[in-house]
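Below are the chains, spelled out letter by letter.
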Amino acid sequence: MQVRRVAGALGAEILGVNLRDPDLDFDAVYGAFLEHEVIFFRGAHLTEEEHLALGRRFGTPSIYPVARVMGATEPTMTVIKDGPNSPNAADRWHTDVTWIATPPKAALLHMDLAPEYGGDTLWASATRAYETLSPAVQEFFASLTVVHSNEGYLERVAEKAGERAEAITEAIARDYGPVEHPLVRTHPETGKRALLYAEGFVSHVAGVSRAESDMVFNFLREHVAEPSLHCRWQWQNGDLAIWDERSTLHRSAADHFPQRRIIRRLEIDGDRPYFDPNGS
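This text gives an overview of the structure that appears in the document. (Residues numbered from 1 in each chain as written. Predicted model: local features only at pLDDT ≥ 70, side-chain atom pairs only at ≥ 80, totals over all residues. Heavy atoms only, no water.)

1. Concerning the sheet that holds strand S14 (residues 248-252)
Here is the rule: Between any two strands, at least two bridges found by DSSP are needed for them to pair. We count a stretch as a helix when DSSP gives it H or I for four or more residues in a row; a strand needs E for two or more, and each element gets its number in order from the N terminus. Each axis is a line fitted through C-alpha atoms, and for a helix only the stretch in contact is used; angles between axes span 0 to 180 degrees, taken between their N-to-C directions.
Here we have 3 strands laid out as an open sheet, ordered S12-S6-S14, and antiparallel in their pairing. Lying at the two open borders of the sheet, with one neighbouring strand each, are strand S12 (230-233) and S14. Put simply, the sheet's adjacent strands are angled 20 degrees from each other on average, direction ignored.

So this is what it looks like as structure tokens:
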């Protein structure tokens, strides 16, 4: 197995690996995943069954909350289709599904149809984002708790749900109310600290005024946009990206409209975020 870094902050392409091989050295792949935070496999061309089987090696595949309230009892793969009538809606820095108590551990994203140009995905190291803060700001942020909400997301769900929109959004709001997470989380495997931020899902900082909360979010929005924290992947059909949801943020570049772009994403169940004051 060869590991080729794609940027200074995070990201590596994995070469010389057959993901279908029953004798795959998964420990080496998983070690690269933890070290580089997002790993890429060019031309993997996995079927849905192979995609799901690989996901199971990383943990328990998730039942997406929207699918769960609609009655799903088995792991679900989210298929995201951009096109002339469905522009990209993920062009802001976030980590996925932070509006549940136990956000995902990892995600596996497979490119089924790449646009002719544009449509790259960018990742930011939330670990490096924390480490590049001054000690005083690190300490301040580590003292904060943030409320995450699905309120804005429900509006997008309603647009796509048609006649069932009201029932589905009411069920999601009922089963997945606002949840609190530490702004700085400790990675349960590496022990490193990272910022837990998701534009569009963060509602407010608990226990402070709205003006003070906005000040924190405005700073975070600008801080995580720093290019030195990023890597970028130019997709080809059949590519696979696997990233650590606990230590990264990501966004999709919305520069391919109105071209079609089809990807399928599998999330892996995670644990409740926590902050260890004695960690590194």
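2. Some words on the pairing of strand S3 (residues 38-41)
To keep it simple, the criterion reads: Only protein chains enter the area calculation, which uses a 1.4 Å probe; residues under 20% of their type maximum are buried, those over 50% are exposed, and those in between are partly exposed. Orienting the strands away from the viewer, one traces the path from the first strand over the helix to the second; a clockwise path indicates a right-handed crossover.
Judged by which residues are buried, S3 turns out to be covered on both faces: Val-38 and Phe-40 on one side and Ile-39 and Phe-41 on the other are all buried. Handedness of the β-α-β unit built from strand S2 (residues 12-15), helix H1 (residues 26-36) and S3 comes out right-handed. In terms of strand pairing, S3 meets strand S13 (residues 240-244) through 4 bridges, oriented antiparallel. From the neighbouring strand, Val-38 faces S13, where its bridge partner is Trp-243.

3. Regarding the environment of Ala-101
Note the cut-off: Contacts are assigned to residue pairs that have any heavy atoms within 4.5 Å of one another.
For Ala-101, the location among the structural elements is in the loop between strand S4 (78-82) and strand S5 (106-113). As a C-alpha pair, Ala-101 and Cys-231 span 130 residues in sequence and 28 Å in three-dimensional space. The residues touching Ala-101, leaving out its near neighbours within four places in the chain, are Val-179, His-181, Arg-272 and Pro-273.

4. Here we look at the sheet that holds strand S15 (residues 261-268)
An order of S1-S2-S3-S13-S5-S15-S4 is seen for the 7 strands of this open sheet, with the pairing classed as mixed. At either margin of the open sheet sits one strand with a lone partner, and together these are strand S1 (2-5) and S4. Shown here is a sheet whose adjacent strand axes are inclined to one another by a mean of 25 degrees, direction ignored. Examined bridge by bridge, S2 and S3 share 2 bridges and lie parallel to one another. Counterpart to Ala-12 in the pairing with S3 is Ile-39. The sheet contacts of H1 involve S1, S2, S3, S5 and S13, and relative to S3 the element is tilted by about 130 degrees.

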